[in-house]
Amino acid sequence: YREVELLQLPAVFIRQATLQLLPDGSLSTLQLTLRLSDPVDTQAELDIPALGIHARAIAVVQGRAKVTLAARPACWSPARPMLYEVTLRCAGDAVTDRIGFREIRTQGTQLLLNGEPVYLKGICVHEDDAVLGKCSTEADLRRRFADAKALGCNFLRLSHYPHHEQVAQLADELGFLLWAEVPVYWAIQFDNPATLADARNQLLELIERDANRASVILWG
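For clarity, every value in this text was computed on a predicted model and none was experimentally measured.

## Some remarks on helix α1 (residues 138-150)
With 13 residues, α1 extends 18 Å from end C-alpha to end C-alpha; this agrees with the ideal 18 Å at 1.5 Å per step. Within α1, the full set of buried residues consists of Asp140, Leu141, Arg144, Phe145 and Ala148. Looking straight down α1, one finds that the buried residues subtend no more than 140° of arc, so they occupy a single side. Summarising the geometry of α1, the exposed residues directed more than 90 degrees from the buried face are Ala139 and Ala150. Phi for Gly152, located one or two positions after α1, is positive at around 85°.

## Focus on the packing of aromatic side chains
Under the criterion given, the structure shown has 3 aromatic pairs. Relative to Phe101, the ring of Tyr84 lies with its centre 5.7 Å away and its plane at 35°, an arrangement referred to as tilted. Here Phe101 lies in the loop between β7 (93-99) and β8 (104-107) and Tyr84 lies in strand β6 (residues 84-90), a separation of 17 residues in the sequence. You can call Tyr84 buried: its relative accessible area is 5%. Look at Phe101 and you get buried, because its relative accessible area is 0%. A ring pair is formed by Phe145 and Phe176, whose centres lie 5.1 Å apart and whose planes are at 40°; its orientation type is tilted. Of this pair, Phe145 sits in helix α1 while Phe176 is found in the loop between α2 (165-174) and β13 (177-180), placing the two residues 31 residues apart along the sequence. Taking relative accessible area as the criterion, Phe176 reaches 1% and is therefore assigned buried.

Definitions and cut-offs
Residues numbered from 1 in each chain as written. Predicted model: local features only at pLDDT ≥ 70, side-chain atom pairs only at ≥ 80, totals over all residues. Heavy atoms only, no water. Helix = DSSP H or I, 4+ residues; strand = E, 2+ residues; numbered from the N terminus. Expected span 1.5 Å × (residues − 1). Buried < 20%, exposed > 50% of the residue type's maximum accessible area, 1.4 Å probe, protein only. Arc of directions from axis to C-beta. Phe/Tyr/Trp six-rings, centres within 6.5 Å; stacked < 30°, edge-to-face > 60°.

Taken by themselves, the reported measurements are silent on function.
Here it is, written out as structure tokens:
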């Protein structure tokens, strides 16, 4: 009930790239983590035009790189869902994304977004519709977010499985915080090593898919 994408890739390609604020409280340092499909030595380039970042000759060793860059982005929040156009090039491959930069952390029993307390007001959402079933369209997703906004929500729990990747992308754009889940709940045999390994793998795959989504603040 979801579309399939076929990607034509070069021999060596960008398997994973994450870009986020370093969680040090300063809101002034970006961290890029890059992983290629093969353990090659090469160089990468990062462009964020709106921040004046044009990083060249980023060293990639054995297919991996991790660098920090000084930057002062406007922090993403539900009140101001600021997104930046980002392009990363390496080994003949290129990826582009729209990324919001924010810091989420706890202080005692408080949840802090960009250093300020945030109170979650939300609902649980299933990827289901009376007419469309589980075959969601973008228009349907936008209608759900509009309904949540009308209810006064700033937060959605995506129950109980990975929703379409467009959900988190739209939440980034529209300014919603998300709790994203894998289908591991109720009668789960965690004492079974194969079950636990499957659950961990599902969660790791979800985190890898949505690592650049500012909207996702909880992995469930």
